Amino acid sequence: MSAKGRIAIVGAGLSGAVIGRALAADGYSVEIFDSRSHIGGNCHTERDADTGVMVHVYGPHIFHTDDDEVWDYVNRFATFMPYKNRVKTTSQGQVFSLPVNLHTINQFFGKTLRPDEARAFLETQADTAITDPQTFEEQALRFVGRDLYEAFFKGYTQKQWGCSPTALPASILKRLPVRFNYDDNYFFHKHQGMPENGYTDLVRGILDQPGITLHLETVFHRSQKDAFDHVFYSGPLDGYFDYENGQLGYRTLDFERFTYDGDYQGCAVMNYGDVSVPYTRITEHKHFSPWETHQGSVCYREFSRECGPEDIPYYPIRLVEEKQQLAAYVRRAEEEEAITFVGRLGTYRYLDMDVTIREALDTARLFRDRRGADAAMPVFLHSPV
Ligand SMILES: Cc1cc2nc3c(=O)[nH]c(=O)nc-3n(C[C@H](O)[C@H](O)[C@H](O)COP(=O)(O)OP(=O)(O)OC[C@H]3O[C@@H](n4cnc5c(N)ncnc54)[C@H](O)[C@@H]3O)c2cc1C
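All figures in this text were calculated on a predicted structure; none of them were measured in a lab.

Considering the environment of His215
Right, so step 1: Tracing the backbone through its elements, the reader meets His215 in strand β10 (residues 212–215).
Right, so step 2: Given the relative accessible area of 23%, His215 is considered partly exposed.
Right, so step 3: Sequence spacing of His215 and Ser35 is 180 residues, and the spatial spacing of their C-alpha atoms is 8.4 Å.
Right, so step 4: The contacts of His215, once residues within four sequence positions are left out, are Glu31, Ile32, Phe33 and Asp34.
Right, so step 5: A polar side-chain atom of His215 sits 2.8 Å from a polar atom in the side chain of Glu31.

Some thoughts on the UniProt feature "domain: UDP-galactopyranose mutase C-terminal" (unreviewed entry) in the chain
Right, so step 1: This chain's UniProt record puts "domain: UDP-galactopyranose mutase C-terminal" (unreviewed entry) on residues 151–350.
Right, so step 2: Counting secondary structure, residues 151–350 comes out at 21% helix and 24% strand; the distance between its end C-alpha atoms is 26 Å.

Points about the side chain of Arg281
Right, so step 1: With respect to the helices and strands, the residue Arg281 is situated in strand β14 (residues 281–284).
Right, so step 2: Of the polar contacts made by the side chain of Arg281, one reaches the side chain of Glu302; its length is 2.8 Å.
Right, so step 3: In this structure Arg281 touches Pro60, Tyr156, Val269, Met270, Asn271, Tyr272, Tyr300, Arg301, Glu302 and Tyr315, once residues within four positions along its chain are discounted.

Digging into the sheet that holds strand β9 (residues 191–195)
Right, so step 1: The strand order across the open sheet built from 3 strands is β5-β9-β6, with neighbouring strands paired in antiparallel fashion. Edge positions in the sheet fall to β5 (63–65) and β6 (80–82), since each has one partner strand and no second. Within this sheet the neighbouring strands show an average axis-to-axis angle of 45°, counted without direction.
Right, so step 2: Pairing analysis gives 3 bridges linking β5 to β9, with the strands arranged antiparallel. Note on β9: the bridge partner recorded for Phe63 is Gly193.

Re unusual backbone geometry
A negative phi angle is the norm for most residues apart from glycine, just as the trans form is the norm for most peptide bonds.
Right, so step 1: The step from Leu98 to Pro99 runs through a cis peptide bond, and the omega angle for that step is -15°.
Right, so step 2: Its identity is not glycine, yet Asp374 carries a phi of approximately 55°, on the positive side.
Right, so step 3: As for its position among the elements, Asp374 is in the segment after α10 (353–372).
Right, so step 4: Its relative accessible area of 74% is what places Asp374 among the exposed residues.

A look at the site of the ligand
Right, so step 1: Taken together, 35 residues lie around the ligand, and Ser15, Asp34, His61, Leu351 and Met353 are the ones closest in.
Right, so step 2: Between Asn42 and the ligand, the recorded distance is 2.8 Å, taken from a backbone N or O atom to an oxygen atom.
Right, so step 3: Considering the ligand on its own, with 1000 Å² of exposed area, one finds that the protein chains cover 94% of that surface.
Right, so step 4: Of all the secondary structure elements, the ones that give two or more residues to the shell around the ligand are α1 (14–25), α9 (343–346) and α10.
Right, so step 5: With 3 residues, the single largest contributor to the shell around the ligand is α9.

Let's talk about the side chain of Ser91
Right, so step 1: Among the structural elements, Ser91 can be located in strand β7 (residues 88–91).
Right, so step 2: Among the polar contacts listed, one links the side chain of Ser91 to the backbone oxygen of Ala151, at a separation of 2.8 Å.
Right, so step 3: In this structure Ser91 touches Phe96, Ala151, Phe152 and Asp274, once residues within four positions along its chain are discounted.

Procedures and definitions
- Residues numbered from 1 in each chain as written.
- Predicted model: local features only at pLDDT ≥ 70, side-chain atom pairs only at ≥ 80, totals over all residues.
- Heavy atoms only, no water.
- Helix = DSSP H or I, 4+ residues; strand = E, 2+ residues; numbered from the N terminus.
- Buried < 20%, exposed > 50% of the residue type's maximum accessible area, 1.4 Å probe, protein only.
- Contact = heavy atoms within 4.5 Å.
- Polar contact = N/O pair within 3.5 Å; in protein donor to acceptor, adjacent residues only side chain to side chain.
- UniProt positions renumbered as here; feature names shortened; annotations may be inferred.
- Pairing = 2+ DSSP bridges.
- Axes fitted to C-alpha atoms, helices over the stretch in contact; angles between N-to-C directions.
- Near = heavy atom within 4 Å.
- Areas by Shrake-Rupley, 256 points an atom, 1.4 Å probe, with all protein chains shown as cover.

Pasting the structure below:
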């Protein structure tokens, strides 16, 4: 055992890898457990054996951040290639550009509006009778009117969340989801890119640190906790407590893989806005690596549905019922000692990769400071509620 102590980290995704590296570099003996056969968590990428295409196994991942420290950090372990996320959608028999922008508006309404004209035009479309929008649908109707709402928001949202947009809170659509220019870059962040050899290679680089022992295909159960000085747990919060208050609500995804000889859709992500199409989108993975050339192509049709006990949890639902259940798990967790719940599953929040890394770096720093001051580490740095 190392002089500083023995640390267990549950999960070899970005949360676990970043915390594990920092603590191992600091002289702790770090053991990382993952139930899967690979590192990288949900960001895992692997080359398709038949085509050589780098596949985003658990769904498409694009790195984007305004956080300079996080950007510098990931660039220490991987070469990032320039990549801009430009999404298209097939809706009502046409292909449009997303996010809804001036091109989308002009194409959809058959017009040639300039920005100010489009802004004024959209005001005529908006349902101004709605003064205090309560639901997602009311918010969208207030912002963009019925035609754009039905083409670009209604069907997709219904498929993604498995319920009517009238059952979702208005807060999901916080700002006007429309651009009055031709910018079709999905993200605004100053740093955007794609790791040249995939995300698993990035995580491998982070884990390449003396002092880390990796246990793949190994489930960590809380009965093992006392063998360690501290546990960082990036698995599901409810799973840690054997789901004693029931399962927190998640959406899961099913990917229907198919191959194609050539270029199937000409872009990485094609959404499908019509509710009559059962999938939400098709991703064509080779377009995530535009610097590579492949004749064959691997595509995923993506279906969203309620997450069952055996499924992979993807998106936390966080509606009213989940919040009450979550509060019970948080109270239960706060009775624990020598454990910190981290990451997207440990804190039941949707976290982009850059936020995950930022929080993991902060967690490792706080742990060092608290140890140095002989003070206890909090169970949550970022409260799930
Ligand atoms: C469909 C989808 C698309 C996304 N796209 C983007 C994107 O484009 N850009 C972006 O920035 N972010 C994106 N994200 C977010 C990104 O996936 C997360 O930020 C990231 O995966 C969080 O890493 P993590 O380490 O917290 O969790 P995870 O990657 O989920 O890692 C947790 C690991 O813990 C393991 N584990 C759980 N319980 C146990 C146990 N008891 N014992 C052992 N191992 C266990 C799991 O097997 C898993 O490998 C996307 C997320 C989803 C769902």
